[in-house]
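# Descriptive analysis of the structure
Here is how the chains run, residue by residue.
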Amino acid sequence: MEGSLTARDRVGLQDFVLLEAYTSESAFLENLRKRFHENLIYTYIGTLLVSVNPYKELGIYTKKQMDIYMGVNLFELPPHIYALADNVYRTMLTESNNHFILISGESGAGKTEASKKILQFYAVSCPSTKLMDNVRDRLLLSNPVLEAFGNAKTLKNDNSSRFGKYMDIQFDHVGGAVGGHILSYLLEKSRVVHQNHGERNFHIFYQLVEGGEEDLLRWLGLQRNCQQYSYLVQGECAKVSSINDKTDWKTVRKALTVIEFSESNVESLFAIIASVLHLGNVKFIADSRGYATLNSSPEIHWLSKLLGIPTQVIQVGLTHRKIAARSEEVLSPFTIDHAVYARDALAKAIYGRTFTWLVNMLNESLANKDSSRKTVIGLLDIYGFEVFNVNSFEQFCINYCNEKLQQLFIQLTLKSEQEEYEMEGIEWEPVPYFNNKIICDLVEEKFKGIIAVLDEECLRPGEATDMTFLEKLEEKMAGHPHFITHKLADQKTRKTLERGDFRLLHYAGEVTYCVDHVLTIFHLQVMRQSKNAIVQLCFPTTEPDSKKRPETVATQFKSSLVGLTEILMSKEPWYVRCIKPNEGKQPGSFDDVLVRHQVKYLGLMEHLRVRRAGFAYRRRYQIFLQRYKPLCPDTWPNWKGTAAEGVQCLVKHLGFKPDEYKMGRTKIFIRHPRTLFATEDAFEVCKHELATRIQAKYKGYRVKGHYMRQREAATTIETCWRGLKARRERQKRAWAVKVIKKFIKGFMTRNQPVSVDNSEYLDYVRQNYLTRLKESLPKTVLDQNTWLTPPPIMKEVSRLRMYLNSGLQIKGLTSSLFKGRKENYPHSVSRPFVDTRIKINVQTKVISFHAFPQYSVPVVKYDRNGFRPRFRQLIYTGTAAYLVEEAKIKQRVQFNQLKGVSVSNLSDNFFILHIQSEDIKQKGDLVLQCDHIFEALTKLCLVANKENCINVVQGSIKFDIQPGREGFVDFKSGQETMIYRAKNGHLMVV
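Residues numbered from 1 in each chain as written. Predicted model: local features only at pLDDT ≥ 70, side-chain atom pairs only at ≥ 80, totals over all residues. Heavy atoms only, no water.

## Quick notes on the overall build of the chain
For the record, the criterion: Starting at the N terminus, helices and strands are each numbered in turn, a helix being any DSSP run of H or I of at least four residues and a strand any DSSP run of E of at least two. Whether a residue is buried, partly exposed or exposed follows from its accessible area with a 1.4 Å probe, protein chains only, as a fraction of its type maximum: under 20%, in between, or over 50%, in that order. Note on contacts: a residue pair qualifies if any of its non-hydrogen atoms lie within 4.5 Å across the two residues. The Shrake-Rupley method, run with a 1.4 Å probe sphere, supplies the accessible areas, and residue values consider only the shown protein chains as cover.
The helix and strand tally for the chain stands at 30 helices and 28 strands. When burial is assessed residue by residue, the chain has 50% of its 990 residues classed as buried. Relative to all contacts within the chain whose residues are 6 or more apart in sequence, the contacts with residues 24 or more apart total 64%. When the accessible surface of the chain is split by element, carbon and sulfur atoms take 53% of a total near 50,300 Å².

## Side note on the nonpolar core
Basically, it comes down to this: Take the buried residues of types Ala, Val, Leu, Ile, Met, Phe, Trp, Tyr and Cys, join any two whose side-chain atoms come within 4.5 Å, and each joined set is a nonpolar core.
Within the largest apolar cluster, 111 residues are counted, with the highest numbers of intra-cluster contacts made by Ile101, Tyr122, Phe149 and Phe205. Ranked by the residues each element gives to this core, the list is headed by helix 13 (residues 336–366), at 13 residues. With residues up to four places along the chain from it excluded, the contact list for Ile101 reads Leu84, Val88, Ile118, Tyr122, Ile377, Gly378, Leu379, Leu380, Trp574 and Val576. Formed by 80 residues, the second largest nonpolar core is a distinct cluster that contains Phe36, Phe393, Phe396 and Tyr400.

## A short note on the environment of Ala85
For Ala85, the position within the fold is in helix 4 (residues 81–95). Measuring from C-alpha to C-alpha, the distance between Ala85 and Leu119 comes to 8.9 Å, with 34 residues separating the pair along the chain. If near-sequence neighbours (up to four positions away) are discounted, Ala85 is found in contact with Ile118, Phe121 and Tyr122.

## Concerning the side chain of Arg191
Its place among the elements puts Arg191 in the loop between strand 7 (177–185) and helix 7 (203–211). By relative accessible area, which is 4% here, Arg191 ends up buried.

## Structural notes on the pattern of salt bridges
Stated precisely, the cut-off is as follows: What counts as a salt bridge is simple: a side-chain nitrogen of Lys or Arg found within 4 Å of a carboxyl oxygen of Asp or Glu.
Tallying each qualifying case throughout the model produces 38 salt bridges. Lys116 is the partner of Glu113 in a salt bridge, and the nearest nitrogen-oxygen pair spans 3.4 Å. In this pair, Glu113 and Lys116 both sit in helix 5 (residues 111–125), three residues apart, roughly one turn of the helix. Residues participating in the shared-partner salt-bridge network are Glu106, Lys156, Lys580 and Glu583.

## Considering the packing of helix 7 against helix 9 (residues 245–258)
Note the cut-off: Axis definition: a line fitted to C-alpha atoms, limited for helices to the stretch in contact. Angles are taken between N-to-C directions and run from 0 to 180 degrees. Put simply, angles under 35 degrees are roughly parallel, angles over 145 are roughly antiparallel, angles from 65 to 115 are roughly perpendicular, and the rest are oblique. Residues are sorted three ways: Asp, Glu, Lys and Arg are charged, Ala, Val, Leu, Ile, Met, Phe, Trp, Tyr, Cys and Pro are nonpolar, and all the rest, Gly among them, are polar.
Between helix 7 and helix 9, the shortest axis-to-axis distance is 8 Å and the interhelical angle comes to 100°. Between helix 7 and helix 9, the crossing angle belongs to the class labelled roughly perpendicular. Seen from helix 7, the contacting residues are Tyr206, Gln207, Leu208, Glu210 and Gly211; seen from helix 9, they are Asp245, Lys246, Asp248, Trp249 and Val252. Split into classes, the residues belonging to the contact of helix 7 with helix 9 amount to four nonpolar, two polar and four charged.

## Structural notes on the sheet that holds strand 14 (residues 617–620)
Using the following cut-off: At least two bridges found by DSSP between two strands are what make those strands a pair.
A sheet is described by the order of its strands in space; here three strands give the open sequence 14-16-15, paired in antiparallel fashion. Only two strands of the sheet have a single neighbouring strand rather than two, namely strand 14 and strand 15 (661–663). Direction aside, the axes of adjacent strands within the sheet are offset by 15° on average. Packed on one face of the sheet, helix 14 (residues 393–424) meets strand 14 and strand 16 (667–670) and runs near 120° to strand 16. Sheet strands touched by helix 25 (residues 643–654): strand 15 and strand 16. Its angle to strand 15, the strand with the most contacts, is close to 155°.

## Some remarks on the packing of helix 10 (residues 263–280) against helix 11 (residues 298–307)
Rule in force here: By convention, the crossing between two helices is left-handed when the near helix turns anticlockwise from the far helix through less than a right angle, and right-handed when the turn is clockwise.
As a packed pair, helix 10 and helix 11 sit with axes 9 Å apart at the nearest point and diverge in direction by 160°. Between helix 10 and helix 11, the angle is such that the two are roughly antiparallel. The hand of the helix 10/helix 11 crossing is left-handed. The residues of helix 11 that touch helix 10, namely those facing Ala271, Ala274, Ser275, His278 and Leu279, are Glu299, Trp302, Leu303, Leu306 and Leu307. Tallied by class, the residues present in the contact of helix 10 with helix 11 amount to seven nonpolar, two polar and one charged.

## Looking at a nonpolar patch on the surface
Using the following cut-off: Patch construction takes residues with relative accessible area above 30% that form no salt bridge. Like charges are linked within 9 Å, and nonpolar side chains (Val, Leu, Ile, Met, Phe, Trp, Tyr) are linked within 5 Å.
On the surface, a cluster of nonpolar side chains totalling about 620 Å² of accessible area is made up of Ile740, Phe743, Ile744, Phe747, Met748 and Tyr764. For the nonpolar patch, the leading source of residues is helix 26 (residues 673–748), giving five residues. As for its position among the elements, Met748 is in helix 26.

## Comments concerning the UniProt feature "binding site: ATP" (unreviewed entry) in the chain
The following threshold applies: UniProt positions are given in the numbering used here, feature names are shortened, and annotations may be inferred rather than shown by experiment.
When the UniProt feature table is mapped onto this chain, "binding site: ATP" (unreviewed entry) is found at Gly105, Glu106, Ser107, Gly108, Ala109, Gly110, Lys111 and Thr112. Turning to its location among the elements, Gly108 is positioned in the loop between strand 3 (99–105) and helix 5. Dropping the residues within four chain positions of it, Gly108 is found in contact with Asn53, Tyr55, Lys156, Asn157 and Lys580. Within the secondary structure, Ala109 sits in the loop between strand 3 and helix 5. Ignoring anything within four residues of it in the chain, the contact list for Ala109 reads Asn53, Cys578, Ile579 and Lys580.

## Thoughts on the packing of aromatic side chains
Threshold: Any pair of Phe, Tyr and Trp rings, taking the six-membered ring for Trp, is counted once the centres come within 6.5 Å. Such a pair is stacked with planes under 30 degrees apart, edge-to-face with planes over 60 apart, and tilted for the rest. Look at NZ for Lys and CZ for Arg. If either is within 6 Å of the ring centre and within 35 degrees of the ring normal, a charge sits over the ring.
Evaluated as defined, the whole model comprises 27 aromatic pairs. Arranged with centres 5.2 Å apart and planes meeting at 25°, the rings of Tyr82 and Phe121 form a pair that is stacked. One end of the pair, Tyr82, is in helix 4; the other, Phe121, is in helix 5, with 39 residues separating them in the sequence. Exposure class is identical for Tyr82 and Phe121. Each is buried. Here a set of aromatic residues connected by ring pairs shows up, and it is made of Tyr61, Tyr82, Tyr89, Phe121, Tyr122 and Phe171. Lys117 extends its terminal NZ or CZ atom over the ring of Tyr61, reaching a point 4.5 Å from the ring centre. Against the face of Phe833 rests Lys811, its NZ or CZ located 4.2 Å from the ring centre.

## What about the sheet that holds strand 27 (residues 979–981)?
One open sheet accounts for four strands, arranged 25-26-28-27; its pairing is mixed. The sheet is open, and its two borders are formed by strand 25 (956–962) and strand 27, each paired with just one other strand. Neighbour to neighbour, the strand axes of the sheet diverge by 25° on average, direction disregarded. Across three bridges, strand 26 (residues 965–971) lies against strand 28 (residues 987–989) in parallel orientation. What sits directly across from Val969, in strand 28, is Leu987.

## Considering the environment of Ile912
As for its position among the elements, Ile912 is in strand 22 (residues 910–915). Judged by its relative accessible area of 1%, Ile912 is buried. Here the alpha-carbon distance between Ile912 and Gly900, two residues 12 residues apart in the chain, equals 8.4 Å. Excluding its chain neighbours within four sequence positions, the residues that come into contact with Ile912 are Gly900, Val901, Ser902, Asp925, Leu926, Val927, Ile957, Phe959 and Val969.

## What to know about unusual backbone geometry
Here Leu186, not a glycine, exhibits a phi torsion of approximately 50°, which is positive. Residue placement: Leu186 occurs in the loop between strand 7 and helix 7. Judged by relative accessible area, Leu186 falls into the buried class, the value being 17%. We note that Glu260 has phi near 70°; this positive angle belongs to a residue other than glycine. Inspection of the secondary structure assignment puts Glu260 in the loop between helix 9 and helix 10.

## Quick word on a negative patch on the surface
This is how the line gets drawn: When charges are counted, neither His nor the chain ends are considered; positive counts come from Lys and Arg and negative counts from Asp and Glu. For charged residues, the charge sits on one atom: NZ in Lys, CZ in Arg, CG in Asp, CD in Glu.
Judged by side-chain charge, Glu95, Glu419, Glu422 and Glu572 come together as a negatively charged surface patch. Within the fold, Glu95 resides in helix 4.

## Things to note about helix 5
Heads up, the rule is: Helix span is expected to be 1.5 Å times the residue number reduced by one.
Relative to the 21 Å expected for 15 residues at 1.5 Å per residue, helix 5 spans 21 Å between its end C-alpha atoms, a close match to the ideal helical length. Where helix 5 is concerned, the buried positions are Lys111, Thr112, Ala114, Ser115, Lys116, Lys117, Ile118, Leu119, Phe121, Tyr122, Ala123 and Ser125.

## Examining the pairing of strand 22
Consecutive residues of a regular strand have side chains that alternate between opposite faces of the sheet. Of all six residues that make up strand 22, six are buried, and the element is covered over most of its length. Looking at chain direction, strand 21 (residues 898–904) and strand 22 are connected through five bridges and run antiparallel. Paired with Val901 across the two strands is Leu913, which belongs to strand 22. In this sheet, strand 23 (residues 926–929) lies alongside strand 22 in antiparallel orientation, the contact comprising four bridges.

## A look at the side chain of Ser828
Basically, it comes down to this: Identification of polar contacts relies on pairs of N or O atoms within 3.5 Å, with a donor-acceptor requirement for protein atoms, meaning one able to donate a hydrogen and the other able to accept it, and with residues adjacent in sequence counted only if both atoms are side-chain atoms.
Topologically, Ser828 is positioned in the loop between helix 28 (796–818) and helix 29 (840–849). One polar contact links the side chain of Ser828 to the main-chain carbonyl oxygen of Tyr825, over a distance of 2.7 Å. For Ser828, the residues in contact, after removing those within four places along its chain, are Lys811 and Phe934.

## Details of the confidence of the model for the chain
Selection rule: What pLDDT reports is the predictor's confidence in each residue, on a scale of 0 through 100.
Across the chain, pLDDT averages 83, with 89% of residues at or above 70. Per-element mean pLDDT across the chain ranges from 42 in helix 18 (residues 516–519) up to 94 in helix 7. With pLDDT under 50 throughout, residues 490–519 is counted as low confidence; its partners more than four residues away or in other chains account for 79 contacts.

Now the structure itself:
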């Protein structure tokens, strides 16, 4: 809280107790307005929380926000409903006592939402087990059920609670929610039969009609149209844009399931709701004597079916009443007006008692079966004090309730303040405040109060009217300083209605409201005949009837308030005051007049005066010293003594005057906010200087730490490196000794067969020879004279060299012929050449008839006419080349007649042997294809001794089909290999 004081000019103060002008309403409103326009809707008055409805989503109720406020002191973080809820919960666990949170305010101020947020916070923050989760779900889902049956759309609020609710949440010793209990107060039953313009009946009626399943509506005799039911259209706003009745219906059905309402109970409950709608549509007809009669109608039929009461009994019950005549009771018929009134009274009684049954069922579901001691947090969501131009009897009761709670509120606040002062050993100074006991006595005093006069007037013989009641009040209350009527007041003395004044200038007379029971005695007897299980419980046969007069509504409400007061007096109080910023539900709009009106009626200024009567600010010594100790050199950075002594030293250094503060046993009390503001402003300045010093110290600490770490790391690295070098040196020396020993032993056994002793030495000899050979290699591989003489162990090198010489000579010739000239030459380099590539028997045939073959290879020969391929073998001898088919010589070419050989520069395997011939009868040139073309042509050059006969051609090669007749072979590149005769008669090779 103290940290926010520096921004107080912009966002106001988080606690009204710190207002300098705490008696000024204008200053109070200005602070509230500043915070509201900054979307800061929560402000404290001590531990009381003031909440202003923002009428928009602020994003401050997330799971993350809940986590932030869990386990945090009330004033450590900005004001929030979660902060209050958490402190109530932790105080309950720490002190093992009971607490209650009183939530009050006008309709539309956000009381119901505040209650929901507290329940949601406890649902998340409490320990979780299967049982506790079950109780938590029931607690949360009791809200939508109670809202459906007890809330309605009013002019001020689309979801206005039309009853007071007190809910006890029971916790076990570890803080788990294990049960709950609900008390309801003064349900607005009159709304069932009448709604003002712009208002609706209770939500459940519209939810059932709009969201109910088709089968359910058919069974209940309802139509999916709210305009068909008299009780739903009087306010002329059955549809509301902010309410989705269909979705809410699903929520209610789910809630009833989780809360474990039986299917029969649910059916009976909805049957009652439907019967109220049918009852509102009942129309009366006057007979010849002017009395009300009922014909058989669909409404009577459905009432009979849904309530389980005979049709004739319903007709008589709605049109007659029982009166005592001499020694017996007789039925007396109603007039039309009386019948309508009696019908509405019955509808209100049915709905009111059903609501009571519903609350009892919820309590059964929430009941904790464990008898061990529990601590309790109560939530009291109660209607606020309001004054209208015309105020109903229910509003009278509501305002009376608020006066009682205000009386309790002031008493408990004063008591809390006084106890804290006494506990801290500080003298208590009497606080001047308005004691509204005189107002409460005016209403509730026995034999003299307004309620006593109302009861007397209701129960006296004769006809009681509004005027007789008013005359009786004027007779008994004349001269009371807080009572006035039109008759007692003249125009000059009338003034604005103040909180605490029960002036009857504005209250509408409703004496008949308090005597509904006289008209419904016969109705009770009718309802007791019902077969509906819930109606049977709501109208028991043991209920007292006309033999004993029951209490009036006012007396019942007074008694319930006494019971509520006793409950609250046994618990520690916490307060949430809800304020409505404007009538139009507009975000960002702040109506000063409306807010000032609520501040007055909520008693906020009164509460502030009580809290500020002595000292504006109080904190525990440890907290105060921890925050402000930088302001004093003696307390910074660490104080060695007790916290109280440190605070005393601190305030002395700051120059606090004796009348500005008091030292309690555990807390310091500061009288004026200006003293705290000055301290906080000084701390704000000090923080910058302190931050600079801390930064300098921290930077020095970091640099020094970095240097120390680097020095330590360097020392470690040096130590490790020296050790590593020493170990490596030792290993090298050991290795060297071992190598030398092996070398000597190997040298001594060098001429012996290879063994373990000389194998490494011989390897060394070989390696040494190869190393020397690398440095003195001959200029050509084929050089026979400059090779180094190998050692005896490497005699095989000579044989290898001879083999290499012959092979490399042939490969060298191939390179000189084709390297850089034919595309597929590089692929042939790694392939070794051989002396033959055909079977032995073919060569034998040639040997036997001609000469010894020096090379042979398979080829494909293409005919000169038509280019038909034929498989042949090509064999070289010392004088000629033979084309053979299965050992049969097909053609012989003498090397002295070979003019040359043509090949293409592409990657094909074709070559053409050009043959010298002048005889026209001789065969022409040979067109051959060979997979080993480079080997075959190189061998041809060597065997025929014609190294310059190879001609590499680009494009086309011309050849002689026969002397005087030419042919062509065309070569080109392509993606696929193809050989075919082209249209021009050439052989095309792709």
